[in-house]
Amino acid sequence: MADGEQSRGRALPRSEATSELTARAASAAVLGAVTLLVTYLGGLPFALFWLVAAIAVVIEWTTIARVEPRVPLQVVLSLGLALLTGAYLMGLWGGIVLAVMLVVVAAVAAVAATRRDRLWATAGLACAAILVLGLMAVRNHPGLGLAGVLWTFAVVWTTDVAAYFVGRRVGGPKLWPRVSPKKTWSGFAGGLAAGTAAGVVLPLAASRWGVTLPAGLAGIAAVSALASVVGQLGDLAESALKRRFGVKDSSNLIPGHGGVMDRLDALWAVALMMGLILAGARLAELDFN
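Residues numbered from 1 in each chain as written. Predicted model: local features only at pLDDT ≥ 70, side-chain atom pairs only at ≥ 80, totals over all residues. Heavy atoms only, no water.

Asks: Hey, could you run me through the side chain of His-141 in this one?
Replies: By the element assignment, His-141 lies in the loop between α5 (115–140) and α6 (145–170). One polar contact links the side chain of His-141 to the main-chain amide nitrogen of Gly-143, over a distance of 2.9 Å. (Helix = DSSP H or I, 4+ residues; strand = E, 2+ residues; numbered from the N terminus. Polar contact = N/O pair within 3.5 Å; in protein donor to acceptor, adjacent residues only side chain to side chain.)

Spelled out as structure tokens, the structure:
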């Protein structure tokens, strides 16, 4: 989340704002270090880390949406995510993963109390599955791998930080006040510029270490800009979800940030974008190497 939403819709006293910013920075530093470590390790540690994050997402999602019966559905969704992750790790891609997804959806339909509960629980499953499977697809791709995931983080994190500080410093017209009252067009533009720059600089640095770039600089800049915009749209989408159900944060798990969904909303959207790009490339038999 970015662009001043830390105030939860009200102006904070200076001391309280400083305290919250400190908590936000400390949480981001710890989570960032752990995330980078498991990303470097790859394989099972990376998969398990994002599986845990995805399970946290479905728990928060079902809590926000107030699905019933909540705990049984959370158990079914968590087991389903574990099965999907396991299938992917075993190389059972394509039809097998789709079959697993259909089985989990059927289990959700059997457990959910109403049609509304089934729809919201299934939507939560889809979002969480996109997060874990999309990032694993990038990490395991022979032409992207570690550099591809680091590029994703660089664009998303830089966009988030720049939008937050530019929005606070410059202010100006609101981006979408009905959904997110604190976000501004200046924050959006600042995030876009910084995210695009980060998305270009990191591949250039990686190329000095022998990493083959998947496209030219113009192409990388275009995809970086798209990822920055998509990430900010993901942030807005989560804000719209919370406003729909009248909640301020997805949970209070992460000091200064709220819940896991609050921290991963933009990353989820970019994981979806990357998953679609890789799926399209695979269907078109393009070579990213």
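Asks: What's the story with the confidence of the model for the protein chain in this structure? I'm lost.
Replies: Keep in mind that low pLDDT regions are not for reading the predicted coordinates in detail. In the predicted model, the protein chain carries a mean pLDDT of 87, and 89% of its residues have values of at least 70. Note that pLDDT drops below 50 for residues 3–10; the model gives that stretch 32 contacts with residues more than four away or on any other chain. (pLDDT = per-residue confidence, 0-100. Contact = heavy atoms within 4.5 Å.)

Asks: Help me out: how do you make sense of the packing of helix α2 (residues 43–65) against helix α3 (residues 70–89) in this one?
Replies: For any two helices packed against each other, the geometry is given by the interaxial angle and the distance between the axes. One can describe the packing of α2 onto α3 by two numbers: an axis separation of 10 Å at closest approach and a directional angle of 155 degrees. As the angle between them shows, α2 and α3 are arranged roughly antiparallel. α3 is crossed by α2, and the crossing has right-handed handedness. Contacts between α2 and α3 pair Leu-44, Ala-47, Leu-51, Ala-54, Ile-55, Val-58, Ile-59, Thr-62 and Thr-63 from the former with Arg-70, Gln-74, Leu-77, Ser-78, Leu-81, Ala-82, Thr-85 and Leu-89 from the latter. (Axes fitted to C-alpha atoms, helices over the stretch in contact; angles between N-to-C directions. Parallel < 35°, antiparallel > 145°, perpendicular 65-115°, else oblique. Left-handed = near helix turned anticlockwise from the far one by under 90°.)

Asks: Before we go on, may I ask you to explain the pattern of salt bridges in this structure?
Replies: Any two side chains of opposite charge can pair, so long as their charged atoms come close to each other. Counting across every chain of the model gives six salt bridges. Ionic pairing is found between Glu-68 and Arg-70, a salt bridge with its closest N-O pair at 3.8 Å. Here Arg-116 ties to Asp-117 by a salt bridge, and the two come within 3.1 Å at their closest N and O atoms. You can call Arg-116 partly exposed: its relative accessible area is 33%. Using a relative accessible area of 4% as the deciding quantity, one classes Asp-117 as buried. Through salt bridges with shared partners, one network takes in Glu-238, Lys-242 and Asp-262. (Salt bridge = Lys/Arg side-chain N within 4 Å of Asp/Glu carboxyl O. Buried < 20%, exposed > 50% of the residue type's maximum accessible area, 1.4 Å probe, protein only.)

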